Amino acid sequence: MKSLFISCIVFLCFQACGQRPKDAAQANIPMKDLPHSEAEWKAKLTPDEYYILRQKGTERPFTGKFLMHSEKGVYTCRGCGAHLFSSNSKFDAHCGWPSFDKEIKAGVIKETVDNSLGMRRIEITCGKCGGHLGHVFDDGPTETGLRYCVNSVSLSFEASK
């Protein structure tokens, strides 16, 4: 019985690892058109975008173009165009970076434990291209209790029509 259970677990793990991300088709760029190497990403992105999206950098606080942005629309991934956040979920957290209380659709943001800099945080990346966006914290003031703290450089914006 134990070996059957282990076989099922192994099978499920390999099945899950081989699947495409659920929301990959919702972005503007098809999966096949995404850069495949870091050299291709470096050619596609500006130096600041590459530093943040691919090398997990952070822009200086209170400098990002979307910090005080209040236009209605959708915030997208700068790397691949995936829809990440609605302007309806944006709020001013007074932390120096654009903040949102929920992703636009479950699964478009991937969360990973980040133990760098001597602390435990949850890194957020684009579920489609893997680009680093920032971190999520459980100290948000809205009903979700979440604060997705995002680098402006990792975002683009599509205004509502």
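Residues numbered from 1 in each chain as written. Predicted model: local features only at pLDDT ≥ 70, side-chain atom pairs only at ≥ 80, totals over all residues. Heavy atoms only, no water.

As for the overall build of the chain
The following threshold applies: The numbering of helices and of strands both runs from the N terminus, where a helix is a DSSP run of H or I of at least 4 residues and a strand a run of E of at least 2. A 1.4 Å probe rolled over the protein chains alone gives each residue an accessible area, and that area as a share of the maximum for its type sets the label: buried under 20%, exposed over 50%, partly exposed in between. Two residues form a contact once any of their heavy atoms are found within 4.5 Å.
When its secondary structure is counted, the chain shows three helices and nine strands. From first element to last, N terminus to C terminus, the chain shows the α and β order α-α-α-β-β-β-β-β-β-β-β-β. Expressed as a percentage of the 161 residues in the chain, the buried residues total 43%. A sequence separation of at least 24 residues applies to 55% of the contacts in the chain between residues at least 6 apart.

Things to note about the sheet that holds strand β1 (residues 73-77)
Rules: By definition, two strands form a pair when at least two bridges between them are found by DSSP. Fitted lines through C-alpha atoms give the axes, limited to the stretch in contact for helices. The angle between two N-to-C directions lies from 0 to 180 degrees.
What the three strands build is an open sheet, ordered β2-β1-β9; its pairing is antiparallel. Each of the sheet's edge strands pairs with one partner strand only, and the pair in question is β2 (83-86) and β9 (155-159). Neighbour-to-neighbour, the strand axes of the sheet open up by a mean angle of 30 degrees, direction not taken into account. When β1 meets β9, the two strands line up antiparallel, connected through five bridges. When the sheet's bridge partners are listed, Cys-77 is paired in β9 with Leu-155.

Points about the packing of aromatic side chains
The test is simple: Two rings from Phe, Tyr or Trp (for Trp, the six-membered ring) form a pair when their centres sit within 6.5 Å of each other. Planes less than 30 degrees apart are called stacked, planes more than 60 degrees apart edge-to-face, and all others tilted.
Scanning all chains against the criterion turns up six aromatic pairs. Here Phe-66 and Tyr-75 contribute two aromatic rings whose centre-to-centre distance is 5.4 Å and whose plane-to-plane angle is 90 degrees, an arrangement assigned as edge-to-face. Taking the centre distance of 5.1 Å and the plane angle of 65 degrees together, the rings of Tyr-75 and Phe-100 count as edge-to-face. Taken as a pair, Tyr-75 in strand β1 and Phe-100 in strand β4 (residues 99-100) lie far apart in primary sequence, 25 residues in all. Residue Tyr-75 is classed as buried on the basis of its relative accessible area, which comes to 0%. Note on Phe-100: relative accessible area 0%, which makes it buried. Members of the aromatic cluster, joined through ring pairs, are Phe-66, Tyr-75, Phe-85, Phe-100, Tyr-148 and Phe-157.

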